Amino acid sequence: MHFLILAILCSVSVSVLFKLSKRYNVATDQMVAFGYVVALSLSYFLLSPDFKGLGFTEFVLESESKPIFLTFGVLLPVGFIVMSKAVEHGGIVRTDAAQRLALFLQIIAAVVIFGEAITEMKTYGVIVAFFALFGLLYKPAGSMGNAKIAALSLAGVWLIWGSTGILFKKIALQGGAFPATLFISFACAMVIMFTYLLIKRTQWTAPSLLAGILLGVLNFGNILFYIYAHQFYKANPTIVFATMDVGVICLGTVIGAFAFKERISKINIAGIILGVIAILLLRL
């Protein structure tokens, strides 16, 4: 259970880091780029990716999963940039909930793409998740510009996190080794981010570097502890799924409301409650 607790803490801490970045003049794109340098290094030294006797380049070129690796490499950095906007305009509470509700996209993909049978409870869960999303995306018409950005970025978080979950499933079915997949994905994401920053002629800042190091550790820790939790509860993965998703939403709600004084409407609260219910139904 301690692996799950650590995974939840790392996941919510990423949202907190994005929330604090603007206050300390941290450039989000630089932070994300430096974060992938750290995550790439940690995945290499701690997970020891196996490229099946080939070099990194040969493995990527000869792998049947090449389109998936490249898609991951794009979605990972874009996902963090979109997430930073969601946290800024929508708050930690709604961002974490939208991220976890991406689960129901993966359930739909399991039926449509992977041919899995859907239970009655999962059907109810998908329906409830739709209503939960509407509740989470709603924002009172106090500042329409921010409301539009919040809705778009929250929807982006939901879509991107759902897509990455589906891609992980496809990699598992193709027999891709997780450490090698993770390493290649981090490498692609790092190259994309630094290429973008160099073209942009970015003025590098020390606070962004320090924040990036912390982001890389938290991002890698979230993934690593999540994997360890699955290994420990390999006979009952539902415990991991449900505890992780509900735990992130609950902790994110507490921190967002009390630490950052985020304003949550009654409709948003209803969306969060429906989100927890939907996640529990989808896990049955």
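Residues numbered from 1 in each chain as written. Predicted model: local features only at pLDDT ≥ 70, side-chain atom pairs only at ≥ 80, totals over all residues. Heavy atoms only, no water.

What about the packing of helix H2 (residues 28-47) against helix H8 (residues 178-199)?
Applied cut-off: Axis angles are defined between N-to-C directions and span 0 to 180 degrees, where every axis is a line fitted to C-alpha atoms and, for a helix, only to the segment in contact. Helix and strand labels come from DSSP, where a helix needs a run of H or I of at least four residues and a strand needs a run of E of at least two; each type is numbered from the N terminus. Throughout this description, any angle smaller than 35 degrees is read as roughly parallel, any larger than 145 degrees as roughly antiparallel, any in the 65 to 115 degree range as roughly perpendicular, and the remainder as oblique. Handedness of a helix crossing follows the sense of rotation of the near helix relative to the far helix, less than a right angle counterclockwise being left-handed and clockwise being right-handed. Whether two residues are in contact is decided by their heavy atoms, any of which lying within 4.5 Å being enough. Three classes are used: nonpolar for Ala, Val, Leu, Ile, Met, Phe, Trp, Tyr, Cys and Pro, charged for Asp, Glu, Lys and Arg, and polar for all others, with Gly counted as polar.
Two elements in contact, H2 and H8, have axes separated by 9 Å at closest approach and are oriented at 155°. Relative to H8, H2 is oriented roughly antiparallel. Here the hand of the crossing between H2 and H8 comes out left-handed. When H2 is examined against H8, the residues Asp29, Gln30, Val32, Ala33, Phe34, Tyr36, Val37, Ala39, Leu40, Ser43, Tyr44 and Leu47 are found in contact with a partner set consisting of Pro179, Leu182, Phe183, Phe186, Ala187, Ala189, Met190, Met193, Phe194, Tyr196 and Leu197. Of the residues contributing to the contact of H2 with H8, the split by class is 20 nonpolar, 2 polar and 1 charged.

Details of the environment of Phe186
Among the structural elements, Phe186 can be located in helix H8. Counting along the chain gives 113 residues from Phe186 to Gly73, while the straight-line C-alpha distance between them is 6.6 Å. Once residues lying within four places of it in the same chain are set aside, the contact partners of Phe186 are Tyr36, Ala39, Leu40, Ser43, Leu76, Asn219, Phe220 and Ile223.

Examining the packing of aromatic side chains
How we decide: Within 6.5 Å between ring centres, the rings of Phe, Tyr and Trp (the latter by its six-membered ring) count as paired, and their orientation is classed by plane angle as stacked under 30 degrees, edge-to-face over 60, tilted in between. Here's how the labels work: a residue is buried when its accessible area is under 20% of the maximum for its type, exposed when over 50%, partly exposed in between, all with a 1.4 Å probe on protein chains only.
All told, the structure shown has 10 aromatic pairs when counted by the stated rule. Ring centres 5.6 Å apart and planes at 55° place the aromatic pair Phe34 and Trp204 in the tilted group. Here Trp204 lies in the loop between H8 and helix H9 (206-232) and Phe34 lies in helix H2, a separation of 170 residues in the sequence. Both rings, one in Tyr36 and one in Phe186, keep their centres 5.9 Å apart while their planes meet at 45°; by these two values the pair is tilted. On the criterion of sequence distance, the pair formed by Tyr36 in helix H2 and Phe186 in helix H8 is long-range, its members being 150 residues apart. The exposure class of Phe186 is buried, given its relative accessible area of 1%. One aromatic cluster in this structure is built from Phe18, Tyr36, Phe80, Trp161 and Phe186.

Remarks on the nonpolar core
Operational definition: The nonpolar core is taken to be a set of buried Ala, Val, Leu, Ile, Met, Phe, Trp, Tyr and Cys residues, with the residues joined through side-chain atoms within 4.5 Å.
By size, the foremost hydrophobic cluster in this structure holds 75 residues, and its most contacted members are Phe18, Phe80, Met83, Leu101, Phe186 and Leu215. The leading source of residues in this core is helix H4 (residues 66-100), at 12 residues. With residues near it in sequence (within four places) discarded, Phe18 still touches Thr28, Met31, Val32, Phe80, Met83, Ser84, Val87 and Leu215.

The values reported here are purely geometric and, on their own, carry no functional implication.
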